[in-house]
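Observations on chain architecture
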Amino acid sequence: MRRMAAAALCVVAGGAVAQGDPGAAEASPYSAGVALGLEHDDNVFRAPPGQTQSDRHTIAQLFGDIDQRYGRHRLLAHASLRDNQYQARRELNNLGYRARLGWTGSTEGEISWNLSHETERKLASYGTVRDPAFRGANIETLDQTLAGAQLGLQAQWVVNLALGHRRVQHTAQAFELEQITQDSAGIGLQWHPLGPVSASVGPRFTRGRVPMASDGVDRGFERRDIDFGLHWTVTGQSALHARLSLTQQSQAAAAGGDFNGATGQMDWQWTVSGKTRVNVALSRETGSETTFFAPAGGAQTLRGSGDNSQLTTALRAQAAHDLTGKIALGLELQSAHRELAASSLAGDGSILRSSGSDRSTLVRLGLRYAPTRSTALACSLGHERRESQTPLSQGYRATTAGCNAQLTLRWS
């Protein structure tokens, strides 16, 4: 799974687990800032042993945020511009960006809604490219548009409507099978009695495709889900979100790789004390959904890149501890097991299919020091590893280390 095992991370945007998003809005509705970072990567292209290439790169970032309430409405906006400069592999230099615009609101009655659009441009991770010899630049663009409505805010029974459009694009042909465009629509009936537990059920329909690749194979798909949801506020410091789906996904006739079974996601947030917080997310999903895997609660950022697996089981655990009022320590653990399936068009017109699996792990330790409300220094050390049992991916090891400094100005 690309982002579950990616270590070509933007130091400024997520260099330390304890740091969080540099543009995250706090009490002030408006903020803007700058950040500078340096990262060393001992395996830039995620190559197998004996073929590794190390490099270091600097990141300069400008960012701004808006978090403003207008009565029953709330406007959220974020924009950042990142300049990435590599020391040795200068062809990887790139100017990236990320932007998000969101609007939530409600009426005096029983209706609420949310609208959001998010886009990001960056250098893609090389963890799952199918061409092991590829050593060029590949710029990835991700887009996600979501819309939702809730009918019956104060009632025991609530109707939820959701629409979504997602897209992943790459500039290099070696990544063409990791591109995807998909649209989804769902409706759910939620039971919300007085108390700490609520449950929901409803259908969801998805249609997607991988843009026509150079081999001519049609990789479109249709997916149908029956979602069962559960939200349980265990205590004032602990909450559990769970979704179990009965999934049926059918590929285009030429592509194969149909899926029929159970998928879902479980998220647990636990505030152990005023200084310690733990978040755990477990997901079992097809690759098209794993591409955008993110834990529930908090900021929902684009995950990318494209995951071409037939099924991915992923675990992500984060722990943050405030050593003092100015120093925070963070630990992140990630693990992903992917079941891969691929098809290609042979010279005689027949379809060649292959399958296999791989497993990846990532451990990252971060330290953040905020001497004032407007400044922060953060460093991180990460190590990732993949073991592969298929020619559809390759094993590798990589270690990254980085630090950054950030200045943020806030005003009302």
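Residues numbered from 1 in each chain as written. Predicted model: local features only at pLDDT ≥ 70, side-chain atom pairs only at ≥ 80, totals over all residues. Heavy atoms only, no water.

**What about the overall build of the protein chain?**
Short version of the rule: Starting at the N terminus, helices and strands are each numbered in turn, a helix being any DSSP run of H or I of at least four residues and a strand any DSSP run of E of at least two. Burial status follows relative accessibility: with a 1.4 Å probe on protein chains alone, a residue under 20% of its type maximum counts as buried, one over 50% as exposed, and anything between as partly exposed. Contact between two residues is taken to exist if any of their heavy atoms lie within 4.5 Å; hydrogens are not considered. Only the protein chains shown count as cover for residues, and the accessible areas themselves come from Shrake-Rupley with a 1.4 Å probe.
Tallying secondary structure elements over the protein chain gives 2 helices and 18 strands in all. Here the protein chain holds 412 residues, and the buried ones make up 45% of them. Across the protein chain, contacts joining residues at least 24 apart in sequence account for 59% of those joining residues at least 6 apart. As presented, the protein chain carries roughly 19,100 Å² of accessible surface, and 60% of it is formed by carbon and sulfur atoms.

**Section: the pattern of salt bridges**
For the record, the criterion: A pairing counts as a salt bridge when a side-chain nitrogen of Lys or Arg comes within 4 Å of a carboxyl oxygen of Asp or Glu.
Overall, the coordinates contain 24 salt bridges when judged by the stated rule. Note that Arg 46 and Asp 41 form a salt bridge whose closest N and O atoms lie 3.2 Å from each other. Since its relative accessible area comes to 1%, Arg 46 is described here as buried. Given the relative accessible area of 5%, Asp 41 is considered buried. Across the pair Arg 224 and Glu 222 runs a salt bridge whose closest N-O atoms are separated by 3.9 Å. Sharing partners across several salt bridges, the network here consists of Arg 204, Arg 223, Asp 225, Asp 227, Arg 243 and Glu 285.

**Some words on the state of the cysteines**
Test applied: When two cysteine sulfur atoms lie within 2.5 Å, the pair is treated as a disulfide.
Counted under the stated rule, the structure contains 1 disulfide. A sulfur-sulfur separation of 1.9 Å characterises the disulfide bridge that pairs Cys 379 with Cys 403. On the sign convention where negative means left-handed, the S-S torsion of about 110° between Cys 379 and Cys 403 marks this disulfide as right-handed. With Cys 379 in strand β17 (residues 375-388) and Cys 403 in strand β18 (residues 396-411), the pair connects residues that are 24 residues apart, well separated along the chain. Cys 379 sits in the partly exposed class, given a relative accessible area of 34%. With a relative accessible area of 35%, Cys 403 lands in the partly exposed category.

**A few points about the packing of aromatic side chains**
This is how the line gets drawn: Two aromatic rings, drawn from Phe, Tyr or Trp (for Trp, its six-membered ring), form a pair once their centres lie within 6.5 Å of each other, and the interplanar angle then sorts them: stacked below 30 degrees, edge-to-face above 60, tilted otherwise.
Summed over the entire model, instances satisfying the criterion amount to 8 aromatic pairs. The interplanar angle of 20° and the centroid separation of 6.3 Å between the aromatic rings of Tyr 30 and Trp 411 together place this pair among those described as stacked. With Tyr 30 in strand β1 (residues 30-41) and Trp 411 in strand β18, this residue pair connects regions lying 381 residues apart in the sequence. Measuring from centroid to centroid gives 5.8 Å for Phe 134 and Phe 175, while their planes differ by 80°, and the two rings are edge-to-face. Here Phe 134, found in the loop between β5 (111-123) and β6 (139-151), pairs with Phe 175, found in the loop between β7 (157-170) and β8 (180-191); they are 41 residues apart in sequence, far enough to count as distant.

**Here we look at the environment of Glu 384**
Counted only if it meets this: As used in this structure description, the phrase polar contact means that two N or O atoms lie within 3.5 Å; if the pair is within protein, one of them must be able to donate a hydrogen and the other to accept it, and residues adjacent in sequence are counted only when both atoms belong to side chains.
Along the chain, the position of Glu 384 falls in strand β17. Here the alpha-carbon distance between Glu 384 and Leu 362, two residues 22 residues apart in the chain, equals 4.2 Å. Here the side chain of Glu 384 touches Tyr 396 through a polar contact of 2.7 Å, side chain to side chain.

**Section: the nonpolar core**
Quick note on the threshold: What is meant by a nonpolar core is a set of buried Ala, Val, Leu, Ile, Met, Phe, Trp, Tyr and Cys residues, joined one to another through side-chain atoms within 4.5 Å.
With 11 residues, the main nonpolar core is built from Val 44, Phe 45, Tyr 86, Leu 92, Leu 123, Ala 124, Tyr 126, Phe 134, Ile 139, Ala 172 and Phe 175. Those residues within four positions of Phe 134 in sequence are excluded, and the remaining contacts are Phe 45, Tyr 126, Ala 172, Ala 174 and Phe 175. Core analysis: the next-biggest nonpolar cluster, separate from the first, contains 5 residues, Leu 142, Val 168, Ile 180 and Phe 292 among them.

**As for unusual backbone geometry**
A positive phi angle, close to 50°, is found at Arg 46, a residue other than glycine. Topologically, Arg 46 is positioned in the loop between β1 and β2 (55-70).

**Examining the environment of Thr 181**
Topologically, Thr 181 is positioned in strand β8. For Thr 181, a relative accessible area of 16% translates into the label buried. If near-sequence neighbours (up to four positions away) are discounted, Thr 181 is found in contact with His 165, Arg 166, Arg 167, Arg 207, Gly 208 and Arg 209.

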